[in-house]
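# Observations on the model geometry
Here's the letter readout for the chains.
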Amino acid sequence: MNRQTIKPPRIAVRILEFIIQKDIQYGALGDFEEQFYWMRKEHGLFKARLLYWKQIAGALPYFIQNTIIWSLIMFKNYLKTIFRNTTRHRGYSFINLAGLAIGMACTLLILLWVKDELSYDRFHENGKNIYRIMSYGTKYMIEGIDGTPAPLAPAVKEEVPGIVNYARFSDIPKLVFKYADKVFYETRGLIADPSIFEIFTFPFVQGDPKTALSEPLDIVITETMAKKYFGTEDPMGKTIEVEGNLAAVKGVIRDIPHNSHIQFDFLSSYEFIEEVTNYGTNWGAFNFVTYLQLEANRDIHEIGKNITAVAAKNNCPQVKDGVEFRLQPLSAIHLDNRGAFRNYAEVGDRKYVYVFSIIAFFVLFIACVNFMNLSTARSTTRAKEVGMRKTVGASRKNLILQFFGESLFLTLTACVFALILVIVMLPAFNQIAGKDLKLDLIDIQLVFGLIIIVLLTALTAGSYPAIYLSSFKPVKVLKGVFKSEGKGKTFRKVLVVTQFSLSIALLIGTSVTYNQLRFLRHSKLGFNTENIVYVPVKENIGKSYDAFKAELLSDPNINSVAAQYYLFADESFRTTGYDWEGKERGQQVDIILNLVDYDFIPMMGLELVEGRNFSKEYATDATRAYILNEEAIKQMRMQNPVGKQFSYGQRKGTIIGVLKNAHFRSLHLKIEPHVLFFLDDVSAATEYGVILIKINGDKTEEALAKIQGVWKEFNPITPFEYHFLDQKYDSLYRKEQKIGTILNAFTLFAVIISCLGLFGLASFLTEQRTREIGIRKVLGASESSIVFLLSKQFTKWVLIANIFAWPAAYFIMNEWLKSFAYRISIGIWAFVLPGILAVSIALVTVSYQAIRAAWANPADSLRYE
Amino acid sequence: MKLLSRIEEIILLSIWRLDDRAYGMAIREEVIKATGKKWLLGAIYGPLGRLHKNGYVLSSKGEPTPERGGRSKVYYRLSREGIKALREINRVNSVIWNDIEKLEFKEE
Amino acid sequence: MKLLSRIEEIILLSIWRLDDRAYGMAIREDVIKATGKKWLLGAIYGPLGRLHKNGYVLTSKAEPTPERGGRSKVYYRLSREGIKALREIQRVNSVIWDGIEELKFKEE
């Protein structure tokens, strides 16, 4: 065998080439090969190969040690350089940092919010198999409501396969609870089947879920409520007086976490329902919310159809009209913006989750864009640095690495500040958003998400400057011939225009939201709400209404007093069970009913377009008079309604008047048909009833004091409580107000960040034109003309940004406004004002650079040559 | 200037001793002779490379031979810095070993 | 047995020289005197710890002294293994420096 053709193992050679230092490699490999041949001659090929491989083991420790040491040194150098660079360009670094920190803080807050919104109801063990029955029909049921008839659930469990369990809920009107000397109103109570504890996971602290709601008048309370009434006493078995009834505490459960769509302070047994409400429990009264626990992997469409079939079989009147039932999974309930028919839960909206997520990324994107711009802002200065480094041997890769390092360093620092910002802002944010968000740094998901955000931000934001700055040719730079290339300029322009488009769009959004809310607040509802106070009908007020009213009216600061069965703003009782003269076969009209006394219509300032108000002159008014609104008449297709027959169930009567349409309920909704009966016996209105009291607006305090005094006379036990009617109507739009506030805040941030970006960019471009400006000055241009020249450029961009922003904002706001039955039309000023505002802000931002450049000494700027 | 490590010292002295025969394998022989341990050739080249990078040794090529896959032998010799470093070690050695007559274990 | 590294050799010899005054700070002083370099105390304790772990030095505590915040000084002394290791170094040194009279730079 020819000696030359047997060579040392090629792979080993390669490895050694990698491990052994370059400058001695030649000699080393030669030695290795010589040794290889010698070994082969002495001890054969196998041993020779073995020995060759062993050389790797010999060289490896040194290699590893050297690499580690070298890496540490390089790392330390990079850190030093990065730190030095960052502090050298202190002003810009700070602006960069601020912008990035604000952007990250916003993103983080939004992401925390989104995470929370998506986390609702996850804690129920059977969660995957829990469904809510939704009823779909026509008119107000067309989008589906969560009301179902009481007998539906038990019937369905019997006859439809696949149903493991059911639980029905109903809300409870405001009740007065009394234990010893503790008397409070309780509003957050629910009536539930005892099976609620089997289906849902509400852990008991005391008591047995199996027996807790077994008797009528049993109640289960939360820990907080227990502490409120019993302090440190043991609540179990004690009785609380609830408006005359004695409820027994049979269980204490943990407070309901905020991310549960079902919220309550106490639960009472289904049997309690007769005691406390007048809710119908027949097949025609959709007063309950029904949850079902199904077996796994069931076809919910099938089951929905079966449920409908069962209802039909039992002659449910609504089903005969075409109403059908469908199942909604538990996980979809919180984000369902249709809202609970019965108001026991805070309602979310999936749309807002999407929108805010997008906004979060936009804000972060804007901040990254800034970063890019600011990093390249003073590129003339940095270009010299780059040129010098390249001259002494830095490769482009080295420089790219260094710039990435800088951006990572800044991003990490920004992240730390962002976290601090979030911690500071979280309490305020929680209050506005009505949440209980926490920055839980132990949460792996959160930390992981943070790391990804930081890396992504550093990478995207750092990539452009890294590649751009490192590409400078040293020769050109050091000769002073350096100019930014055209390609970079366009990209930069696009970036700033995008930023401003987004900010302007947000500004438009804010202005439209503000206008819509103002519209809602000041809309003519069609009746008075100012200076009207209302108190609940409790204890003796109903019984002694006449005396109570007389007592109040004796005070000069009280103008009028009226009674109402329930506040339109709070509830709506509706049914189709009416009959009237001229009713067509099969015609059904859903009319909301209420009961009021003589003084209601005048106090509210409601207008009667036909007929008259209830009057003492007509004795029959008390039991046979009806007043309907225009919408009711329209839907009933009745002509000349006054005097015609009208009946509710067995209660026959005539129509005595027609009310002009008014917005009794939220402006989200179209005006619906209403019918008013006379409230003969105020004491029958103890669940929801209110006494409305119109007071002298100039003497509010005195009037309230009087009312309180009279209340205490009549109600020794029940605590005094009052509200203002106009505030009540305002609160209907609380969700929108919240959204508005949040939107304002984020718009402010976006604008700040965009200005930061513009500032950086302005300084960059102004710097680029330093020579030009110097020359112009030498040739006689005035400072103001130069400022004008520079500002013109940027103003143009902001104007362009408007062109992009206006259509986008218009489209989005239009969609949002559609959720209101009564809305403003988006006027031209909603666009023009933000546009003007944006341009002004841009000018102010740019002017600092422009003025500085204009006043610079031409001698300095022309010193390049 | 950091002190030479032991193996670097040994290698430099071997190079000095070998005069103009100091190439990789020969250096290794010397080191083995001096320390009594069978150093792997690859393990010699680690410190040798560092010495070369720090400028303590200089290299020159010899004649190419077929046994080396056509490569020449690379001969190493001490540079001025290398000699200075050795002198320093020599000085330190004489200081620390000064009047250490008989190294003996002392009971407590 | 692996050869002592240079700093280990220097430390052991310092401990020998310092007799019963060989605690951390004193060892460091001695090393600085011998090598002419300002070694950090940490750079002494690293190798010293290794020497102790490998059983080349033994430790004993003395009385707590006020100026050290009430902690006792730890004194080091050579173990049998330490002496053996030094002897080996002594041997190697004599071999590699044998017959090296004048170190002089040779032009090529």
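Residues numbered from 1 in each chain as written. Chains lettered and ligands numbered in written order. Predicted model: local features only at pLDDT ≥ 70, side-chain atom pairs only at ≥ 80, totals over all residues. Heavy atoms only, no water.

Moving on, we get to the overall build of chain B. Looking only at helices and strands, chain B has four helices and two strands in total. In chain B, which comprises 108 residues, the share counted as buried stands at 55%. Taking the contacts inside chain B whose residues are at least 6 apart along the sequence as the reference set, 49% of them involve residues at least 24 apart. For chain B, the accessible surface area stands at approximately 5100 Å², while carbon and sulfur atoms represent 48% of it. (Helix = DSSP H or I, 4+ residues; strand = E, 2+ residues; numbered from the N terminus. Buried < 20%, exposed > 50% of the residue type's maximum accessible area, 1.4 Å probe, protein only. Contact = heavy atoms within 4.5 Å. Areas by Shrake-Rupley, 256 points an atom, 1.4 Å probe, with all protein chains shown as cover.)

Next up on the list: the overall build of chain C. Counting its regular elements, chain C contains four helices and two strands. Across chain C, helices and strands are ordered from the amino to the carboxyl terminus as α-α-α-β-β-α. Taking contacts inside chain C between residues at least 6 apart in sequence as the whole, the part at least 24 apart equals 48%. Accessible surface for chain C amounts to roughly 6200 Å². Of this, 52% is attributable to carbon and sulfur atoms.

Residue and element names in this part refer to chain A. Within strand S17 (residues 591-596), six of the six residues are buried, leaving the element largely enclosed by the surrounding structure. Where burial is concerned, the two faces of S17 agree: the one with Ile-591, Leu-593 and Leu-595 and the one with Ile-592, Asn-594 and Val-596 are both buried. Pairing between strand S15 (residues 573-575) and S17: three bridges, direction antiparallel. Paired with Arg-574 across the bridge in S17 is Ile-592. (Pairing = 2+ DSSP bridges.)

All names here are of chain A. At Asp-121, a position not held by glycine, the phi torsion is positive, near 60°. The residue Asp-121 is located in the loop between helix H4 (90-117) and strand S1 (130-136) in this model. On the accessibility criterion, Asp-121 (5% relative accessible area) is buried. Positive phi, normally seen in glycine, also occurs at Asn-297, with a value near 55°. By the secondary structure assignment, Asn-297 is in the loop between strand S11 (289-294) and helix H9 (300-313).

Looking now at the interface of chain B and chain C. Counting residues at the interface gives 41 residues for chain B, matched by 41 residues for chain C. Between chain B and chain C the total buried area reaches about 4000 Å² when both faces are included, carbon and sulfur atoms providing 57% of it. On the surface where chain B and chain C come into contact, there are three salt bridges. The shortest N-O distance in the salt bridge between B:Glu88 and C:Lys37 comes to 3.4 Å. Inspection of the chain B/chain C interface yields 13 residue pairs in polar contact (both at pLDDT 80 or more). Residue assignment for the side of chain B that touches chain C shows that the elements contributing at least two residues are helix H1 (6-18), helix H2 (24-35), strand S2 (72-78) and helix H4 (80-96) of chain B. The dominant element in the side of chain B that touches chain C, judged by the number of residues it contributes, is H4(B), at twelve residues. (Buried area = accessible area lost by both parts, 1.4 Å probe. Salt bridge = Lys/Arg side-chain N within 4 Å of Asp/Glu carboxyl O. Polar contact = N/O pair within 3.5 Å; in protein donor to acceptor, adjacent residues only side chain to side chain.)

Right, let's talk about the packing of aromatic side chains for a bit. Residues and elements named next belong to chain A. In total, this model carries 41 aromatic pairs over all chains according to the counting rule given. A centroid spacing of 5.4 Å and a plane angle of 85° characterise the contact between Phe-184 and Tyr-229, whose relative ring orientation is edge-to-face. With a gap of 45 residues between them, Phe-184 in strand S4 (residues 182-186) and Tyr-229 in helix H7 (residues 223-230) connect regions that are remote in the sequence. For Tyr-229, a relative accessible area of 3% corresponds to the buried category. Both rings, one in Phe-286 and one in Phe-325, keep their centres 6.0 Å apart while their planes meet at 20°; by these two values the pair is stacked. Here Phe-325 lies in strand S12 (residues 324-329) and Phe-286 lies in the loop between helix H8 (273-276) and S11, a separation of 39 residues in the sequence. Among the aromatic side chains, those forming a connected cluster through ring pairs are Phe-527, Tyr-565, Tyr-566, Phe-568, Phe-573, Phe-664, Tyr-688 and Tyr-729. Against the face of Phe-184 rests Lys-228, its NZ or CZ located 4.8 Å from the ring centre. Lying across the ring of Trp-580, Lys-583 places its NZ or CZ 5.1 Å from the centre. (Phe/Tyr/Trp six-rings, centres within 6.5 Å; stacked < 30°, edge-to-face > 60°. Lys NZ or Arg CZ within 6 Å of the ring centre and 35° of its normal.)

A word on the interface of chain A and chain B. On the chain B side, the residues contacting the 26 residues of chain A number 28 residues. Both faces combined, the contact of chain A with chain B buries some 2300 Å², and carbon together with sulfur accounts for 57% of it. The interface formed by chain A and chain B includes one salt bridge. Ionic pairing is found between B:Arg71 and A:Glu33, a salt bridge with its closest N-O pair at 2.8 Å.

Residue and element names in this part refer to chain A. With the rule as written, the count across this model stands at 35 salt bridges over all chains. The salt bridge involving Arg-132 is made with Asp-336; its shortest N-O contact spans 4.0 Å. Placement of Arg-132 in strand S1 and of Asp-336 in the loop between S12 and helix H11 (350-375) is noted, with a sequence separation of 204 residues between them. Taken as a pair, Arg-132 and Asp-336 share a single burial class, namely buried. The partner of Glu-159 in a salt bridge is Lys-313, and the shortest N-O contact between them spans 2.4 Å.

A:Phe646, A:Ile691 and A:Leu692 are the most contacted members of the largest nonpolar core, which has 176 residues in total. The element best represented in this core is H4(A), accounting for 13 residues. Contact partners of A:Leu692, with chain neighbours within four places excluded, come to A:Ile532, A:Val533, A:Tyr534, A:Ser560, A:Val561, A:Ala562, A:Gln564, A:Leu567, A:Phe600, A:Met603, A:Met604 and A:Leu725. Core analysis: the next-biggest nonpolar cluster, separate from the first, contains 87 residues, B:Leu3, B:Ala26, C:Leu3 and C:Ala26 among them. (Core = buried A, V, L, I, M, F, W, Y, C linked by side-chain atoms within 4.5 Å.)

Residues and elements named next belong to chain A. With respect to the helices, strands and loops of the structure, Asn-259 is situated in the loop between strand S9 (245-253) and strand S10 (266-269). On the basis of relative accessible area, Asn-259 is assigned to the buried category, the value being 17%. Within the local environment of Asn-259, its side chain forms a polar contact with the side chain of Ser-119, the two groups lying 3.0 Å apart. Beyond its immediate sequence surroundings of up to four residues, Asn-259 is in contact with Asp-116, Ser-119, Tyr-120, Asp-121 and Phe-123.

Our next topic: the packing of H2(B) against helix H3 (residues 41-53) of chain B. Two packed helices can be described by the angle between their axes and the distance between those axes. All names here are of chain B. Look at H2 against H3: their axes get within 10 Å of each other, and the N-to-C directions meet at 100°. As the angle between them shows, H2 and H3 are arranged roughly perpendicular. Where H2 abuts H3, its residues Gly-24, Met-25, Ile-27, Arg-28 and Val-31 lie against Leu-41, Ile-44, Tyr-45 and Leu-48. Taken together, the residues of the contact of H2 with H3 sort by class into seven nonpolar, one polar and one charged. (Axes fitted to C-alpha atoms, helices over the stretch in contact; angles between N-to-C directions. Parallel < 35°, antiparallel > 145°, perpendicular 65-115°, else oblique. Nonpolar A, V, L, I, M, F, W, Y, C, P; charged D, E, K, R; others polar.)

Turning our attention to helix H3 (residues 41-53) of chain C. The first and last C-alpha atoms of H3(C) sit 18 Å apart over 13 residues, in line with the 18 Å expected at 1.5 Å per residue. Two residues or fewer past H3(C), C:Gly55 is found with a positive phi of approximately 80°. (Expected span 1.5 Å × (residues − 1).)

Our focus in this paragraph is the confidence of the model for chain C. In low-pLDDT regions, the fine details of the predicted coordinates are not to be read closely. Of the residues in chain C, 86% have a pLDDT of 70 or more, and the chain-wide mean is 81. Ranking the helices and strands of chain C by mean pLDDT puts helix H1 (residues 6-18) of chain C first, with 90, and strand S1 (residues 57-64) of chain C last, with 77. (pLDDT = per-residue confidence, 0-100.)

Attention now moves to the packing of helix H23 (residues 734-768) of chain A against helix H25 (residues 783-817) of chain A. All names here are of chain A. Taken N-terminus to C-terminus, the directions of H23 and H25 make an angle of 155°; their axes are 13 Å apart at the nearest point. Classified by the angle their axes make, H23 and H25 are roughly antiparallel. Between H23 and H25 lies a crossing whose hand is right-handed. Of H25, the residues touching H23 (which contributes Glu-736, Leu-758, Leu-761, Ala-762, Leu-765 and Thr-766) are Leu-790, Gln-793, Phe-794, Trp-797 and Trp-816. Tallied by class, the residues present in the contact of H23 with H25 amount to eight nonpolar, two polar and one charged. (Left-handed = near helix turned anticlockwise from the far one by under 90°.)

Attention shifts here to the layout of surface pockets. In this model, the second largest pocket occupies a volume close to 1800 Å³. In terms of lining residues, the second largest pocket is bounded by 48 residues, among which A:Tyr62, A:Gln65, B:Ser5, B:Glu8 and B:Arg50 are the most central. Counting residues per element, the ones that place at least two in the lining of the second largest pocket are helix H1 (10-19) and helix H3 (45-88) of chain A, H1 and H3 of chain B together with H1 of chain C. Examining the composition of the lining of the second largest pocket, we find that eleven residues originate from one element, H3(A), more than from any other. When its residues are assigned to classes, the lining of the second largest pocket shows 25 nonpolar, ten polar and 13 charged. (1 Å grid on protein atoms, 1.4 Å probe; cavity = no way out; pocket = protein on both sides within 12 Å on 5 of 7 lines; lining within 4 Å. Points joined across faces, edges and corners; volume = space filled by probe spheres on them.)

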